[in-house]
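Listed below, chain by chain, are the residues.
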Amino acid sequence: MNEVATIPETVRKSKRDAVLLALMVGAPAWLYTYDQDKVKLWLGVALQAAVLLIGYVFVLVIIIEANADSNSGENASLTEIVNFVRSTDSAKYALLGVAFLLSLIHGIALLDRAAKPAKWYARYPRNPMSKIAAILLAVFTYHFTWLYTYDRDKAKFWIGYLLFALYFTVIFFIPALPNSGETADPAVVVPILLSVALIVFMLLGLWVWGIVNSASRSDDWYRDYPYRRSGRPSSETSVS
């Protein structure tokens with residue numbers, strides 16, 4: 001006798017995962033519940049990206065000004081840059097403002113995730129996912145495409161998150177590298193540059209991986225997400 005097993009109309013999502021994502025990435029965490037939070041996602045991502053861009057410009061300006069004020073005639077050390085920020089009100093308030101806005105965006109996302117009851121996540125409406133959306137996310141946002149399919153791609157997302165965190169940490173410290181005279185000390189610079197090159201190569205591989213991974217999945221995989229498994233028909237299957 002054959003029975004028809006139908007894919008459920010709801011999916012069990014995790015409030016714990018939603019809160020963790022909001023804490024770690026802020027506005028992009030709304031990708032985890034994209035169908036219900038489209039407006040919050042794109043508004044939050046636009047604001048967060050703008051604040052990060054402004055913050056990066058402020059950091060570059062501060063480093064340039066700190067180098068100009070350096071008594072040694074060399075690139076300012078990290079300690080000198082910190083002291084410059086402490087002694088310069090405009091630099092201090094600019095960085096505090098950026099930190100406040102980022103904290104505010106993260107806080108709003110975190111409160112939104114935490115305010116929803118666990119049962120809201122446990123019976124989240126299962127709507128068909130979009131393969132085109134996943135590919136576009138992979139092309140323009142690297143590892144954030146795996147937030148869109150986080151229930152199946154947790155490990156991939158966190159690998160990408162760690163790589164980007166490492167990259168930006170290294171990039172941030174490059175302008176503060178010490179000099180030994182007119183040119184930077186090769187013993188310091190070469191290992192840093194090799195590390196950056198390796199990370200960039202890994203990020204390129206991550207980008208290609210995300211695009212290929214998203215594009216190689218069938219339309220049925222996205223339509224039945226997250227319940228589809230290899231060899232399972234698109235919407236129902238016969239079992240004996």
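Structure first, text after, so check above.
Residues numbered from 1 in each chain as written. Predicted model: local features only at pLDDT ≥ 70, side-chain atom pairs only at ≥ 80, totals over all residues. Heavy atoms only, no water.

### Thoughts on the overall build of the protein
Note the cut-off: Think of it this way: any DSSP run of H or I at least four residues long counts as a helix, any run of E at least two long counts as a strand, and we number them from the N terminus. Relative accessibility decides the category of a residue: with a 1.4 Å probe and only protein chains considered, values under 20% of the type maximum give buried, values over 50% give exposed, and everything between is partly exposed. The contact criterion used throughout is that any non-hydrogen atoms of two residues lie within 4.5 Å. Shrake-Rupley sampling with a 1.4 Å probe provides the accessible areas, and residues are treated as covered by the protein chains on show and by no other component.
Helices and strands together make up the secondary structure of the protein, namely ten helices and four strands. Ordered by position from N to C terminus, the α and β elements of the protein give β-β-α-α-α-α-α-β-α-α-α-α-α-β. Counting all 240 residues of the protein, 35% fall into the buried class. Sequence separation of 24 or more characterises 71% of the internal contacts of the protein that already satisfy a separation of 6 or more. Surface accessibility of the protein: about 13,800 Å² in total, with carbon and sulfur atoms responsible for 68%.

### What about the packing of aromatic side chains?
Heads up, the condition is: Under the pairing criterion, centres of Phe, Tyr and Trp rings, with the six-membered ring standing for Trp, must be within 6.5 Å; the plane angle then separates stacked pairs below 30 degrees from edge-to-face pairs above 60, leaving the rest tilted.
Applying the stated rule across the entire model yields 15 aromatic pairs. Each ring, one from Phe 157 and one from Tyr 161, has its centre 6.2 Å from the other, and the planes form 40°; the classification is tilted. Placement of the pair is Phe 157 and Tyr 161 together in helix 8 (residues 150–173), with a separation of four residues, close to one helical turn. Each member of the pair, Phe 157 together with Tyr 161, is buried. Here Trp 221 and Tyr 222 contribute two aromatic rings whose centre-to-centre distance is 5.1 Å and whose plane-to-plane angle is 75°, an arrangement assigned as edge-to-face. Both residues of the pair, Trp 221 and Tyr 222, belong to the buried class. Pairwise contacts between aromatic rings join Tyr 32, Phe 144, Tyr 150, Phe 157, Trp 158 and Tyr 161 into one cluster.

### Focus: unusual backbone geometry
Geometrically, the link from Tyr 225 to Pro 226 is a cis peptide bond, its omega value of 5° lying close to zero. On the secondary structure map, Pro 226 appears in the loop between helix 10 (219–224) and strand 4 (236–239). Despite not being glycine, Tyr 142 shows a phi value in the positive range, around 55°. Within the secondary structure, Tyr 142 sits in the loop between helix 6 (131–141) and helix 7 (145–148).

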